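Structural characterization, general
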Amino acid sequence: MTSPFALYREFTPRTRTILAVNAVNSFGGGLVLPFLWIYLQQVRGLPAWVPAVTLAVQAATAVFGGLAWGALLDRLTPRTVVTLVMVIAGLGTGLYALATGVVLALTAAVVYGLGISGVGTVLRFLYAGAASARERGLAYSADFAVFNAMTGLGVLAGGLIAAWDAGAAADRYSVLYLADGATFLLAGAALYWLLPRVTPAGDGPKETGQPVVGYREVFKRRHLGALLGALTICSMVTYGQFRSGLPGYLTGRGALGPEGLSGAFAVNIVIAVLAQFLLGERMQLLRRSTVLAVSGAVWAVAWGLVLLAGRTHGTGALALAMVGVALLSLGEALVFPVVTGLLNDLAEERVRGRVNALLSVAVSTGSVAGPALAGATLPFAKGLPLMLVLIAGCVAVVVVAARLRATLTADIDQPVQAAEAEPAAAEPAAAPVAVAA
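These lines cover the structure that appears in this document, whether it is placed above or below. As the structure is a computational prediction, the values presented were derived from the model and not from experiment.

Right, let's talk about helix α5 (residues 78–95) for a bit. Helix length check: α5 (18 residues) gives 26 Å between terminal C-alpha atoms against 26 Å at 1.5 Å per residue, within 8%. Those residues of α5 that fall on the buried side of the exposure criterion are Pro 78, Val 81, Val 82, Thr 83, Val 85, Met 86, Ala 89, Gly 90, Gly 92, Thr 93 and Gly 94.

Here it is, written out as structure tokens:
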């Protein structure tokens, strides 16, 4: 197995630049990740409905903004779009530092939602321009690991600053939001100056004369609609439950306390990072449909363990919950980079921006649908309906993966193996020519 440092050296300067930018952004995002509700209500003294509406406005703006950025990526150069995205996101999160009232809080939500909706879309678009299928797949895996690791460090640093007994609380939180904004502006400046030097010629201005393709036409492309639907379910049963259904179910009847829940979240971050460093390269050798199917099956087992954990207490509940969370995190760490690579390989160059925007929308939709599902089902039958729906969703992912396995070509389902087989396949064809001569 190649070490992470050796893999990093394999990347082109272009990919290394994007990974470094993501590291900076992720650390900045971690600084403020858990604090918006606390900041607006407890620090700024705003009514409880303000943070709720602010988060809703931010999420809604992110969905519509992501679609707009996808269309722009298919029309403009990545350098232009990535600079706009980073500047708007930086200004938006920086505005929260000044949010002393409802109007400023909602203004910050709109601006930040518009900007942050394009960050993931643009970065995935840039990774798709990697020189080979191997580098592209490894880049998506490394991006996932970098995001989780640096976000975790950011949360730790932000918690220390927020709890620091120095100055007014409002000033400390303002520093955090301004620091987050500064990371976006720094990232935008870095990509603005570095992209022209490390971006291949193929990432230049878009070709003209081709008909404009809208989102409706993208959904008609074979496999894309099914994959995006599966990705939405994947997000709903993982991201969408870690801060809603999982804690609500495990703590609602006293199976776990706050300490046990904190331990489960720590396991999530550790497994997500380690899985990429230890398994990311090996995942490139497997069929993507197989990884998707295995992840769905692993998640089904995980939610079964969580179901049992919620109906026990003490050490047994903690052990079941830890194993369940570890399995959820493992599947999450494997499937999202793999599906991202698969979607980008299925996309034509002229619609790649829209496909990556729809990818972001699918993940966001699942993240919003997860809490909504938990809120609607947890009060009934001691949370059993939620667990059953989640397990059924995991089984649906397995079914989609099986259908894909039967229809995807080898160069799409297993691109690294297909690329390695091409030179070997060419050698036997050359031998008869030499004999005939």
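What follows picks up the thread again.
To continue, consider the packing of aromatic side chains. Applying the stated criterion to the full structure yields nine aromatic pairs. On the numbers, 5.6 Å between centres and 85° between planes, the contact of Phe 35 with Tyr 173 is edge-to-face. Residue Phe 35 is located in the loop between α2 (13–32) and α3 (36–43), and its partner Tyr 173 is located in helix α8 (residues 169–198); the two are separated by 138 residues in the primary sequence. Neither Phe 35 nor Tyr 173 differs from the other in exposure class; each is buried. Of the aromatic side chains, those joined through ring pairs into one cluster are Phe 35, Tyr 39, Tyr 96, Tyr 112, Tyr 173, Tyr 177 and Phe 184. Across from the ring centre of Tyr 192, 3.9 Å away, lies the NZ or CZ of Arg 79, which sits over that ring.

Let us look at the pattern of salt bridges. Summed over all chains, the structure comprises six salt bridges. Here Arg 136 ties to Asp 345 by a salt bridge, and the two come within 3.0 Å at their closest N and O atoms. Of this pair, Arg 136 sits in helix α7 (residues 133–163) while Asp 345 sits in helix α15 (residues 314–346), and the two are 209 residues apart along the sequence. A single burial state applies to Arg 136 and to Asp 345, both of which are buried. Salt-bridge contacts for Arg 287 lead to Asp 413; the nearest nitrogen and oxygen are separated by 2.7 Å.

This part takes up unusual backbone geometry. The backbone of Ala 381 sits at a positive phi, close to 50°, despite the residue not being glycine. As for its position among the elements, Ala 381 is in the loop between α16 (352–377) and α17 (384–407). Of note in the backbone geometry, Lys 382 takes a positive phi value of approximately 55° without being a glycine. Note on placement: Lys 382 falls in the loop between α16 and α17.

Moving on, we come to empty space enclosed by the protein. Counted by the stated rule, this structure contains one cavity of 30 Å³ or more. Within this model, the largest cavity holds a volume of roughly 90 Å³. Lining the largest cavity, in full, are Gly 137, Ser 141, Met 283, Gln 284, Leu 286, Arg 288, Pro 337, Val 338, Gly 341 and Pro 415. For the lining of the largest cavity, the secondary-structure elements that each account for two or more residues are α7 and α15.

Take the state of the cysteines next. One pass over the structure, following the stated rule, counts zero disulfides. Looking at Cys 234, it has no disulfide partner, and the nearest cysteine sulfur is the one in Cys 394, 8.2 Å off. Using a relative accessible area of 0% as the deciding quantity, one classes Cys 234 as buried. A relative accessible area of 0% means that Cys 394 is categorised as buried.

Calculation notes
Residues numbered from 1 in each chain as written. Predicted model: local features only at pLDDT ≥ 70, side-chain atom pairs only at ≥ 80, totals over all residues. Heavy atoms only, no water. Helix = DSSP H or I, 4+ residues; strand = E, 2+ residues; numbered from the N terminus. Expected span 1.5 Å × (residues − 1). Buried < 20%, exposed > 50% of the residue type's maximum accessible area, 1.4 Å probe, protein only. Phe/Tyr/Trp six-rings, centres within 6.5 Å; stacked < 30°, edge-to-face > 60°. Lys NZ or Arg CZ within 6 Å of the ring centre and 35° of its normal. Salt bridge = Lys/Arg side-chain N within 4 Å of Asp/Glu carboxyl O. 1 Å grid on protein atoms, 1.4 Å probe; cavity = no way out; pocket = protein on both sides within 12 Å on 5 of 7 lines; lining within 4 Å. Points joined across faces, edges and corners; volume = space filled by probe spheres on them. Disulfide = S-S within 2.5 Å.

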